[in-house]
Number of protein chains: 2
Amino acid sequence: MVRYPSSTLDRTFAALSDPTRREILDRLAEGPATLGELRRPFDMTLPGLMKHVRVLEEAQLVVTEKKGRTRECRLGSEQLDDAAQWIETYRRRWERRLDRLGDYLERQKGARA
Amino acid sequence: MVRYPSSTLDRTFAALSDPTRREILDRLAEGPATLGELRRPFDMTLPGLMKHVRVLEEAQLVVTEKKGRTRECRLGSEQLDDAAQWIETYRRRWERRLDRLGDYLERQKGARA
DNA sequence: GCTAAAGTTAACCAAATGGTAAGGTATCCG
DNA sequence: CGGATACCTTACCATTTGGTTAACTTTAGC
């Protein structure tokens, strides 16, 4: 079984827990954008927007690069894979448990018959 | 495309962003447990543990039921599906974008030849 | 019925989060 | 060169989060 460094998974899920940040990721899925462009749809100051981008960058969901007087942001991540994989692994275990419960109930039914 | 009620996804990802809570889910994947049993592996007071369980319950990742003087906790959720689906949808869009970039680079190479 | 176990509630605390305003730096453009 | 644009930094604020201790309630068992 794969080991997930706790702090990385923490950061990834925490970054995804904010709707503004998920919207930013949505936007970046269409292509790179500057901070100003990212800010446009939101009623938010630039420093506020920058904080969100910083969180996404620390979670390695986004990478940024200074270009002249603008900063270009783009998606950059294999972290999503980790998050998806954690969920899948966990879900598989969970379903196995439900299966066992199902088996148990089947046996009970058989025992009563 | 499926709409994800923002607040639900918020709660799900936020609940998953804490390592203690992910451990609790791990434990519950093995079967139901009381609050006291859940607390055991952690160096934490009961009220502290209860807060985590409360967060998981509000995210509908866990359901609890009072039984005599104990409270039994078990996994209970379709919320993980939503989280997984969001990640998958997002990732698909992201990969589509990388494909377009690949196409572009291919065309550039052709144009130079 | 008393006592111990299991949980609950309330009050408190430090640190992190999500936002703001104000002011500074760097760079493009005419 | 000079101004406007785009970003950066700092300081500040309210709220939430993750934890504690202390005191209370309910139930199990002798």
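Residues numbered from 1 in each chain as written. Chains lettered and ligands numbered in written order. Predicted model: local features only at pLDDT ≥ 70, side-chain atom pairs only at ≥ 80, totals over all residues. Heavy atoms only, no water.

Draft legend 1. Looking closely at unusual backbone geometry. All names here are of chain A. At glutamine 60, a position not held by glycine, the phi torsion is positive, near 60°. Of note, glutamine 60 is situated in the loop between helix 4 (46-58) and strand 2 (62-67). On the basis of relative accessibility, which here comes to 44%, the residue glutamine 60 falls in the partly exposed class. (Helix = DSSP H or I, 4+ residues; strand = E, 2+ residues; numbered from the N terminus. Buried < 20%, exposed > 50% of the residue type's maximum accessible area, 1.4 Å probe, protein only.)

Draft legend 2. Representation of the pattern of salt bridges in the model. This structure, assessed with the given rule, holds seven salt bridges over all chains. Note that Arg22(A) is salt-bridged to Asp10(B), the shortest N-O span being 2.8 Å. With one member in each of two chains, Arg22(A) in helix 2 (residues 19-29) and Asp10(B) in helix 1 (residues 6-16) form a pair that bridges those chains. Across the pair, Asp10(B) and Arg22(A) agree in class, each one buried. Of the charged contacts, one joins Glu72(B) and Lys67(B) as a salt bridge, the two residues approaching to 3.7 Å between their closest N and O atoms. The exposure class assigned to Glu72(B) is buried, which follows from its relative accessible area of 17%. Among the ionic contacts, a cluster of salt bridges with common partners joins Glu65(B), Lys67(B), Glu72(B) and Arg74(B). (Salt bridge = Lys/Arg side-chain N within 4 Å of Asp/Glu carboxyl O.)

Draft legend 3. Examining the protein's contact with DNA strand D more closely. Neighbouring residues of DNA strand D: 21 residues in total, closest Arg69(A), Arg71(A), Thr45(B), Lys51(B) and His52(B). Sugar and phosphate atoms constitute 67% of the interface atoms of DNA strand D, taking the interface as everything within 4 Å of the protein. Between DNA strand D and the protein, one listed contact pairs a phosphate oxygen with a side-chain N or O atom of Arg71(A) at 2.7 Å. Those elements giving two or more residues to the surface near DNA strand D turn out to be helix 3 (35-39), helix 4 and strand 3 (70-75) of chain A together with helix 4 (46-58) of chain B. It is helix 4 of chain B that provides the largest number of residues to the surface near DNA strand D, a total of four residues. (Near = heavy atom within 4 Å. Polar contact = N/O pair within 3.5 Å; in protein donor to acceptor, adjacent residues only side chain to side chain.)

So far we have only geometry, and geometry alone does not tell us how the molecule works.
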